[in-house]
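Coordinates in review
Given next are the chains, with one letter for each unit.
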Amino acid sequence: MDGAVASAFAELGLGQPIVQAVAVKGYTIPSPIQLQCIPAVLEGRDVMAAAQTGTGKTAGFTLPMLERLRHGPSARDRVVRALVLTPTRELAAQVGENVAAYGCYLDLRSDVVFGGVKVNPQINRLRAGADVLVATPGRLLDLQQQGAIRLDRVEILVLDEADRMLDMGFIRDIRKLLALMPERRQNLLFSATFSASIRALAHGLLHSPLQLQATPENQAAPTVEHLLHPCDMARKPALLTHLIASNGWEQVLVFSRTKHGANRMAETLTQAGMAASAIHGNKSQGARTRALAGFKAGELRVLVATDLAARGIDIHQLPHVVNLDLPNQAEDYVHRIGRTGRAGHPGQAISLVAAEEHELLAGIEKLIGVRLPRQEVSGFEPTILSAPPLDLSGGRGKGRGRGPAAAAGRQRRPANGNNRHTRNR
Ligand code: AMP
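It should be emphasised that the depicted structure is a prediction, and the values quoted were computed from it without experimental measurement.

This brings us to helix H2 (residues 16-25). Residues three or four positions apart in an α-helix share a direction because the helix packs 3.6 residues into each turn. Residues Pro 17, Ile 18, Val 19, Ala 21 and Val 22 constitute the buried set of H2. Downstream of H2 by one or two residues, Gly 26 has phi in the positive range, about 85°.

Next comes the structure, spelled out in structure tokens:
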């Protein structure tokens, strides 16, 4: 059996130390993206891949990257040989863990750096250079400006979740970083969605790239069952509590559009006797890491997260993902439900939708080309059937500068035409 396991990855061109590490992880068959990506990266080609979390994309770029790096001279003196940029600390940490696991039989130095933690230990660690450095753009730029690293020897650059990096406003940092790297290097770009701005970035960055698609662009994974419960905005916390209890769901990831809404939901569940926690950008890195670890270990039954905090979190085969509210951006629906129905395991994506969200819903259904099946829950039938759409400007900083508190307030208030926080757009 082990021989067969080894050969599937070896046949793609990976050497023994990496094949062995993959076998230890228990992977039997390369995922579709890995089948295409690994040989191309080994050949030195640029790659542009539409792939979201759950497709095996991380191994898709990490395995061949390590294979290439192991044949060259090791890093030294603040030199970075391969750089992986990620939008969030969580994703950076996760990719870093993958690099360490896949490289455990190799003599390569890898490191992870992100903001929100002390910079000095990072500077000290990087003195000897890094064969692979996984980083968020802001902190990396800081380190470069402090002379802690050199990017003029970068051989391979990976932009992971590039769409999210642009959404988060990292484009200027990325451009500054690109200017510090040598012209001759291999570029790999991964993105769940391909907007015009991603294509523009890709155009300036990639040289005749191999274009890959892990799932059809902007399409949800086919093993996910979608379900929509219409309800009033104000009753969502009670409905979710009821759904979790009455269905006996063991592990639920809940998405909230606002930090305040995430906190409030976690509190409601805790009061109902369910182990729940919220993660979002206002929580310290320690609190986020603890909550995530608790959820992964099964100590937390419910994790309530904002889109940014949840981005790229690798949680296996979650049976249930709930949208407490619909995301501002239709593409985020696809990102969110990427957490369920993985690797052939069926999953359920449940959305609680109020009248104020009907425009958002229409956008999502148009994007994924599926009408979400509606199902009212007895005792929670909506009383408000039409309402002006939500003002989304308080969302995640893309809008016109209203605070998240205003958005959270709207979220609670039953809609009526007089609600001074709602307005037509
Ligand atoms: P990713 O899409 O990179 O976030 O990976 C999703 C999950 O799939 C990770 O937890 C990987 O450990 C796992 N994985 C990656 N490649 C394979 C494979 N070939 N077989 C089974 N699991 C895999």
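Below, the discussion takes up the site of the ligand. Around the ligand, 15 residues are found, and the nearest of them are Tyr 27, Gln 34, Gly 54, Gly 56 and Thr 58. Between the ligand and Tyr 27, the relevant distance is 2.4 Å, taken from an oxygen atom to a side-chain nitrogen or oxygen of the residue. At 2.8 Å from a nitrogen atom of the ligand is found a main-chain nitrogen or oxygen belonging to Ile 29. Calculation on the ligand without its partners gives an accessible area of 500 Å², and the protein chains cover 82% of this total. Residues that form the shell around the ligand fall into these classes: 4 nonpolar, 9 polar and 2 charged.

Positive phi outside glycine occurs at Arg 78, with the angle close to 65°. Along the chain, the position of Arg 78 falls in the loop between helix H4 (57-69) and strand E2 (80-85). Positive phi, close to 55°, is recorded for Glu 161, a residue that is not glycine. With respect to the helices, strands and loops of the structure, Glu 161 is situated in the loop between strand E5 (156-159) and helix H8 (162-167).

What follows is about the sheet that holds strand E13 (residues 347-353). Taken in spatial order, the 6 strands make up an open sheet running E8-E13-E12-E9-E11-E10, and their pairing is parallel. Of all the strands in the sheet, just strand E8 (224-230) and strand E10 (276-279) have a single pairing partner and so form its edges. Adjacent strand axes in the sheet meet at a mean angle of 20°, parallel and antiparallel pairs treated alike. Summarising the sheet, E8 and E13 pair through 7 bridges and their orientation is parallel. In the strand pairing of E13, Val 224 is matched with Gly 347. In the packing of helix H11 (residues 236-247) onto the sheet, contacts are made with E8, strand E9 (252-256), strand E11 (302-306), strand E12 (320-323) and E13, and the angle to E13 comes to roughly 155°. Here helix H13 (residues 285-296) sits on the sheet and contacts E9, E10 and E11; the angle it forms with E11, its principal contact strand, is near 140°.

For the rest of this paragraph, the subject is the side chain of Thr 53. Tracing the backbone through its elements, the reader meets Thr 53 in the loop between strand E1 (47-50) and H4. What makes Thr 53 buried here is its relative accessible area of 12%.

Definitions and cut-offs
- Residues numbered from 1 in each chain as written.
- Predicted model: local features only at pLDDT ≥ 70, side-chain atom pairs only at ≥ 80, totals over all residues.
- Heavy atoms only, no water.
- Buried < 20%, exposed > 50% of the residue type's maximum accessible area, 1.4 Å probe, protein only.
- Helix = DSSP H or I, 4+ residues; strand = E, 2+ residues; numbered from the N terminus.
- Near = heavy atom within 4 Å.
- Polar contact = N/O pair within 3.5 Å; in protein donor to acceptor, adjacent residues only side chain to side chain.
- Areas by Shrake-Rupley, 256 points an atom, 1.4 Å probe, with all protein chains shown as cover.
- Nonpolar A, V, L, I, M, F, W, Y, C, P; charged D, E, K, R; others polar.
- Pairing = 2+ DSSP bridges.
- Axes fitted to C-alpha atoms, helices over the stretch in contact; angles between N-to-C directions.
- Contact = heavy atoms within 4.5 Å.

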